[in-house]
Amino acid sequence: MTEYVNQLSGGTPLIGAPPAGAEAAVWSLDTTLAEVGGFRLDDALPVLDAAERERAGRLVRPGDRQRYLASHLGLRVLLGGYLGLAPQEVALTREDCPCCGAPHGRPAVAGGGLHFSLSHSGDLAYFAFAAVTVGIDVEAVPGAAAVADVMTSLHPAETAELAALPGEERRVALARVWSRKEAYLKGTGAGLALGLADPYIGAGPEPAQVPGWLLRDLAAPPGYGAALALAVRH
């Protein structure tokens, strides 16, 4: 599994072959860009599908709309590059939810062939692509009030690890553990439905390992934490 993060910018990216085996391809994107992967954001809507256009249309704040269009345009550019399709030709669907069985689980490529995960926080988006189930998350370092709200929702050992740190270190560590846990929960498809307490992933310098998964921290700009979760094939 790789910790290298490719940078998606305004120009057409050099994508290469899709990842194979226990490898993941990871990309990041500054969502304030006016162009993403060779497409202007002003021309993004025809590239998106009906569900994405409907979602974009419900976003009232210009900044939220910008971030959504940039991240979903970037996702389609990268998926299209790996699959040998134009971005608008990529058909997306939802897997069944592992908690209730309804079709609102992990986003997926219709027909399979490549797994992906998307996360965004602030003006930053991260994408992961793999031949096996994958989850990715990026989190801005939270303020002190958010730390107090979230800490008690985590695994008791994680809460204790965070409580032992001074204020600024605690904020950075929370972004770290939150991104690890979200990446894992996105990978499983459960999301936040079952809460944040389990499994224990840890707030220390290295993530604890969870059976069936490889967890890694990713390089991120100052003020952010990011992590990747990759399913282990048996």
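Structure: see above.
Residues numbered from 1 in each chain as written. Predicted model: local features only at pLDDT ≥ 70, side-chain atom pairs only at ≥ 80, totals over all residues. Heavy atoms only, no water.

Caption draft 1: Spatial organisation of helix H4 (residues 156-163). Turning to H4, its buried residues number three or more, namely Glu 158, Thr 159 and Leu 162. The buried residues of H4 all sit within an arc of 100° when viewed along its axis, so they share a single face. Summarising the contacts, the buried residues of H4 are in contact with helix H3 (144-151) and helix H5 (167-188). (Buried < 20%, exposed > 50% of the residue type's maximum accessible area, 1.4 Å probe, protein only. Helix = DSSP H or I, 4+ residues; strand = E, 2+ residues; numbered from the N terminus. Arc of directions from axis to C-beta. Contact = heavy atoms within 4.5 Å.)

Caption draft 2: Representation of the side chain of Ser 119 in the model. Examined against the element boundaries, Ser 119 turns out to sit in strand E7 (residues 115-121). You can call Ser 119 buried: its relative accessible area is 3%. From its side chain, Ser 119 meets the backbone nitrogen of Val 138 in a polar contact 3.1 Å long. Beyond its immediate chain neighbours, meaning those up to four positions away, Ser 119 contacts Leu 124, Ala 125, Tyr 126, Ile 136, Asp 137, Val 138 and Lys 186. (Polar contact = N/O pair within 3.5 Å; in protein donor to acceptor, adjacent residues only side chain to side chain.)

Caption draft 3: Broad picture of the environment of Val 150. Considering the arrangement of structural elements, one finds Val 150 in helix H3. By relative accessible area, which is 17% here, Val 150 ends up buried. For Val 150 and Gly 57, which are 93 residues apart along the polypeptide, the C-alpha to C-alpha distance reads 31 Å. Leave out the neighbours within four places in its chain, and Val 150 touches Leu 174 and Trp 178.

Caption draft 4: Region of interest: H5. The end-to-end C-alpha separation of H5 is 32 Å, in line with the 32 Å expected for 22 residues at 1.5 Å each. Just downstream of H5, Gly 189 is the residue with a positive phi angle, here 90°. (Expected span 1.5 Å × (residues − 1).)

Caption draft 5: Just the packing of H3 against H5, in detail. The geometry of H3 relative to H5 is characterised by a closest axis approach of 10 Å and an angle of 50° between their N-to-C directions. Put simply, H3 runs oblique to H5. The handedness of the crossing between H3 and H5 comes out as left-handed. Each of Ala 144, Ala 146, Val 147, Val 150 and Met 151 in H3 lies in contact with H5, whose residues at this interface are Arg 170, Arg 171, Leu 174 and Trp 178. (Axes fitted to C-alpha atoms, helices over the stretch in contact; angles between N-to-C directions. Parallel < 35°, antiparallel > 145°, perpendicular 65-115°, else oblique. Left-handed = near helix turned anticlockwise from the far one by under 90°.)

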